[in-house]
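# Fold and geometry: a report
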Amino acid sequence: MNISRTLLALSAISLVVAFVACNAPDPEGRYDEFGKLTEDYRATGTTNNAPNNAVQVDFSGRYFLSIATSVLPSTPLFFDTTVTVDESFVANFSFQPLKTDFDPMGAPRADARVAVGDPIIVNGVQLGTDGIFDLELTDAAVSGEANPISGGDIVATIQLHGFVTSATAFCGSVDGQVSEPTQIGLAGSTFAAIPISNDDLTLIMPEGKCAAGVVPVDDAGTDADDADMGDAGPLAKIRCPAGLEGDYVLTFKADVQSARSQVKMTVAASADTNLCYTGEVASLTSGDKIGDVEYLREADGVMQILVPNFNIPPGATPLLPDGGESRLELTATHWTKEGSCGDLFFSLVGLPITSPGDFAAIRQDSVLFTVADSMTAAKCTAIEPVTACGLDAYAGTYNFKFITESTAGAGGNPTLITLELATHPLTCLSGSWISKTNGSTLANVQYAELSGTDQVKLTVRNFVIPPDPTNVISFLREGGLADATITSTQSVPGTSMCGTMSVSLIEPLAITSAATFGADVALEPAVACP
Amino acid sequence: MLGIGIARALPWAAAAAILTTSGVVNASGFSAARFGGERGNPTESNPSTLYYNPAGIGFSTGTNVLIDVTTAFRSATADRPQSAIDNQNPFPDDAAKNAAALDANSGKGTLSNTIVAPMIGVTTDFGLDIPLKVGAAFYAPFGGQAVWDKNDAADPQFPGAVDGSQRWYTIDGTIRTLAITGGAAYYLEPARLSIGLSGNVYLNTIETLRARNSDGSDDLELGGSLKEGRSLISVSSTDFGMGAGVLWEAWRRKAWVGLSYQSRPNFGHMELEGTLQNYLGAAQPNEADVILTSSLPDILRFGIRVRPKFRYELRIFGDYTRWSALEQQCLVDASISDIDAACEVNADGSFKNPGADTGKVIQNLSRKWNDAFGIRLGGSYWFSKDLELQVGGGYDSNAIPDEALDAALMDMDKFTATLGVVYQATEWMGLGVVATNVFYLERDTTDSAGNNDLVLPSRQPGNQAVYNQNIFVLNTNVTLTF
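Just so it is clear, the structure is predicted and the values come from calculations on it, not from any experiment.

Rules used throughout
Residues numbered from 1 in each chain as written. Chains lettered and ligands numbered in written order. Predicted model: local features only at pLDDT ≥ 70, side-chain atom pairs only at ≥ 80, totals over all residues. Helix = DSSP H or I, 4+ residues; strand = E, 2+ residues; numbered from the N terminus. Buried ≥ 20, exposed ≤ 12 C-beta atoms within 10 Å, placed from the backbone. Contact = placed C-beta atoms within 7 Å. Nonpolar A, V, L, I, M, F, W, Y, C, P; charged D, E, K, R; others polar. Pairing = 2+ DSSP bridges. Axes fitted to C-alpha atoms, helices over the stretch in contact; angles between N-to-C directions. Arc of directions from axis to C-beta. pLDDT = per-residue confidence, 0-100.

A word on the overall build of chain A. When you go through chain A residue by residue, the secondary structure sums to two helices and 28 strands. The buried share of chain A, reckoned over its 530 residues, is 39%. If you take every contact in chain A between residues at least 6 apart in sequence, the share linking residues at least 24 apart comes to 47%.

Looking now at the overall build of chain B. A tally of regular secondary structure across chain B gives four helices and 21 strands. Taken across its 482 residues, chain B has 58% of its residues classed as buried. Put simply, of all contacts in chain B between residues at least 6 apart along the chain, 71% involve residues at least 24 apart.

What follows is about the interface of chain A and chain B. Each partner contributes residues to the interface: chain A has 53 residues there, and chain B has 59 residues. Contributions of two or more residues to the side of chain A that touches chain B are made by helix 1 (2–21), helix 2 (27–37), strand 8 (184–185) and strand 21 (396–404) of chain A. At 11 residues, helix 1 of chain A tops the list of elements feeding residues into the side of chain A that touches chain B. For the side of chain A that touches chain B, a count of residues per class yields 26 nonpolar, 21 polar and six charged.

Okay, the pairing of strand 21 of chain A next. Residue and element names in this part refer to chain A. Most of strand 21 sits out of view: eight of its nine residues are buried. Relative to strand 22 (residues 415–421), strand 21 is paired through five bridges, and the arrangement is antiparallel. Across the sheet, T397 pairs through a bridge with T418, a residue of strand 22. Pairing analysis gives six bridges linking strand 21 to strand 28 (residues 511–520), with the strands arranged antiparallel. Within strand 28, the residue paired with T404 across the bridge is A515.

Turning our attention to the environment of N309 of chain A. All names here are of chain A. Here N309 lies in strand 15 (residues 302–312). Taking the C-beta count within 10 Å as the criterion, N309 has 16 such neighbours and is therefore assigned partly exposed. Filtering out sequence-adjacent residues up to four positions away, N309 remains in contact with G291, D292 and E325.

For the bond from E507 of chain A to P508 of chain A, the omega torsion is 0°, close enough to zero to count as cis. Here P508 of chain A shows up in the loop between strand 27 (496–507) and strand 28. With an omega of 10°, the peptide bond running from L456 of chain B to P457 of chain B counts as cis. Among the structural elements, P457 of chain B can be located in the loop between strand 20 (443–444) and strand 21 (466–481). In the Ramachandran plot, F89 of chain A falls in the positive-phi region, its phi being about 60° despite a non-glycine side chain. Looking at F89 of chain A, the number of C-beta atoms within 10 Å reads 18, which means it is partly exposed. Although it is not a glycine, F126 of chain B sits at a positive phi angle of roughly 60°. Relative to the elements of secondary structure, F126 of chain B occurs in the loop between strand 2 (107–124) and strand 3 (132–147).

Residue and element names in this part refer to chain A. Note that P148 resides in the loop between strand 5 (132–142) and strand 6 (154–166). For the pair P148 and P104, spaced 44 residues apart in sequence, the C-alpha to C-alpha distance is 7.4 Å. Beyond its immediate chain neighbours, meaning those up to four positions away, P148 contacts T75, L77 and T100.

With that settled, consider the sheet that holds strand 27 of chain A. Remark on secondary structure: sheet strands pair via backbone hydrogen bonds, oriented parallel or antiparallel. Residues and elements named next belong to chain A. Ordered by their spatial adjacency, eight strands build a closed barrel running 21-22-23-24-25-26-27-28, and the pairing between neighbours is antiparallel. Put simply, the sheet's adjacent strands are angled 30° from each other on average, direction ignored. Of the strand pairs in this sheet, strand 24 (residues 441–451) and strand 25 (residues 455–465) are connected by seven bridges, and their pairing is antiparallel. Bridging across to strand 25, A448 finds its partner in L458.

Right, let's get into helix 3 (residues 95–104) of chain B. Buried within helix 3 of chain B we find K97, A101 and A104 of chain B. An end-on view of helix 3 of chain B places all buried positions within 65° of arc, on one side of the element.

Our focus in this paragraph is the confidence of the model for chain B. All names here are of chain B. Per-residue confidence for chain B gives a mean pLDDT of 90; residues scoring 70 or more make up 94%. Contacts for the low-pLDDT stretch residues 1–22, under 50 throughout, to residues beyond four places or in other chains number 28 contacts. Here the complex is predicted with pTM 0.64, and the ipTM for its interfaces comes to 0.92.

Our next topic: the environment of V391 of chain B. Residue and element names in this part refer to chain B. Within the secondary structure, V391 sits in strand 17 (residues 387–396). Residue class for V391 comes out partly exposed when judged on the 15 C-beta atoms lying within 10 Å of it. The residues contacting V391, other than those within four sequence positions of it, are G378, G379, T418 and L419.

Take the pairing of strand 19 (residues 429–440) of chain B next. Residue and element names in this part refer to chain B. Two strands pair when backbone bridges link them, and strand 18 (residues 414–424) and strand 19 are joined in this way by 11 bridges, in the antiparallel orientation. Bridging from a neighbouring strand, Q424 pairs with G430 of strand 19. A loop of four residues connects strand 18 with strand 19, the two strands running antiparallel in sequence. In this structure, strand 19 lies alongside strand 21, joined through 11 bridges in antiparallel fashion. Paired with G430 across the two strands is T479, which belongs to strand 21.

It is worth spelling out helix 2 of chain A at this point. Buried within helix 2 of chain A we find P27, R30, Y31 and F34 of chain A. With its buried residues spanning 105° around the axis, helix 2 of chain A presents them on a single face. Exposed residues on helix 2 of chain A whose side chains face more than 90 degrees from its buried face are G29 and K36 of chain A. In this structure, the buried residues of helix 2 of chain A make contact with strand 4 (172–188), strand 5 (193–212), strand 8 (229–251) and strand 10 (269–279) of chain B.

Next comes the structure, spelled out in structure tokens:
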């Protein structure tokens, strides 16, 4: 009987232990955990997918079209795309899939971007008067060699919601569904098409989404006079960058123009903080005034210049034998105190004629840059540095720590700064300032310049200070906004640097604070030079 | 009365057990049949033989109920070397991040789980003195479950790394086959021979989570975008199989010889249907209806039990399990038209029939397992007619070749050591506790070819690793006889 009890007790204990300790699998729970953990990485539709500078224009031509899927936006699908547009703005498209740059094993393809499979034809697409079109590639078969995501054959229905932003560019958002090998949604994907001017497609730098340069909506919310229109959008954040007054050489070309125009632009600081700078444009040769600069300002991080009354002299264009007046809206995403370049939106006052275009402006007395008076140079490529900026060796990703006077003793803020060789002539080096905590971009490094003979100075604008209830500076616990200049005093280019900073808080208070920093590509740096 | 009560309770117990049962992988492949302990063999007559040898119940008398709970304490590690990683230099311009990425994709994944698997069986002659005996049982012959430990020290810049280096094959989940068996045996008195036949309903479930990229790589990110994803597969099927066997009392009351055969579930390959949920790269999650093909082995069992003296008994039994049936598992979209043709692959993992509906093939999991066998030697000593001591030892071979071994389905050569005690508490109730440790031999596939050497649709991240495992099994059982 004792044995019986002992066995029963053993059995009971082992069963209780087993059931208590039993590890119940919960794969769905851990799947959801991963989803939450990575939701900041997940595409929810990128910005700049809906540019508001779309126009109804004949955009016939051959394009290199890239679809950046939400699955893996950094490796787009490529299509050699031909567009023909008739006089009613009805467009026919031919999308020829192209081989990827790398094979599924990651090796570069010798025949990258060569056509593979049959072209996908979509005809009869109406381009709206707002410059927007919609089309669907129904059950499009794409060979595995053209699929950079899995390397396998896919069948997908791809819906393009497109914006024609000039006679040679269109872009937009992508929706739809991959149906083979299995269902994968494409929501959140984007595309962009750039003109093909060289048959060697491997030379093309793909663009997977609409470029920045969307004109910010300058709207103060509902207007008492137009209350029935509702709220047209968020209020653009207007800022007045310092030090932009002076004379500039402005070159521009609307698509409807046969040649580039070049004028002088003069601006001075304005007391109106919504305008920032005002001035005029004038003939470079005669000095005669051609129009007013109503404002030059920064709106949502984009430079805006408005010339509402640009005077077109008689005979300048066959369209206007008696001359006329036009409106120039210039938007620049790249700008420094030396100049700016970007997109132009041209419209004739009183006539339903509009056209996209481009512009570049450089200080008339700049010793660093010139504007090429070339018929072929366009947009930012019209700007040419007089000499190389000499900061190439500073490119790299740095662990970056800084400490301001106000936060002394707090231990520094661990972040990352990436400095890339700029593809842009104005900025020399540009890059991002990234939070190590969550990977979010805190600010963009707007441009770099030489400091002294061998050091670097970085200009950072619109540094977003995230809300942090534990911030030692109480008025920043709700977050804030700042500009910063970072100047190295000691450096091993590409490896480490340290020096001083000037942090100009803009919101919630206007305070400037000195700081020190350290940066190192491999190690967590100190917050100051040794 | 007691028998009627138990009979009424059994369906409820079975239903509860279905909800909680998992297999305990401790024989070859992912065979999990150790219920019955030392008495779970093809020479016995208890209800567990409905699976091991349905002829066994022909030697039973009256009504017998066996409730056996297998409790397994499993620990395992999979130590993935950096050499198994696809891209050895994912961030060539950032040495620190490069090193961090390699760390996030290598190292030791660990698991320490407790798993419970009940078995319930009943046999009866209906109280009639007839040579026909029938029975039914519920148990888990295949499968297991795994909850791999989180790596809380993982670098947060690679969010997937928290699930351990083995995550490209398994993170959490269950691969389980439950069986409901009905069987009958006819005892031929003159020949002292019983012939048995059983029919099995198999309830197959696979619900597992793993890290996955659609290109079969183990890349963590690409071009600044998250690349590492997750796939959660939840599929199930109901399949049928049969068993048959003979048990011969070669020496009256002293020696028995048994031989049995269990067919493959569904007599070939099975198709499990369900859903596949994905987080792929930076895309929003998606879900698709899918089919997963799989196969389970047929099994030949044999055994000899000799009890020359009343106090002593010797047993030798074993199995030959034809795991070569599991050549591949093929995951396809549910709308596929000809699954067999589409899933057929060449030796390099590529499609063999490109003209078939291969576009619907999501992933081929190359298995190419081998047949395996197990042999066990055991003995009993009765201190009294009611108290039995059991000892045993055994060996089970490995079914999985080096190139196919992964953390989701581990197998090694293994040895077992068993010690148990059974006490017949009353005329109608016996209690048993049997402890077995399964000693798995380490497997090092670091230098082996692997799934990363295959091409799509078979390509997967490198499965090369050093694998270790140990399972301690406790069988607790109650035998009721009426």
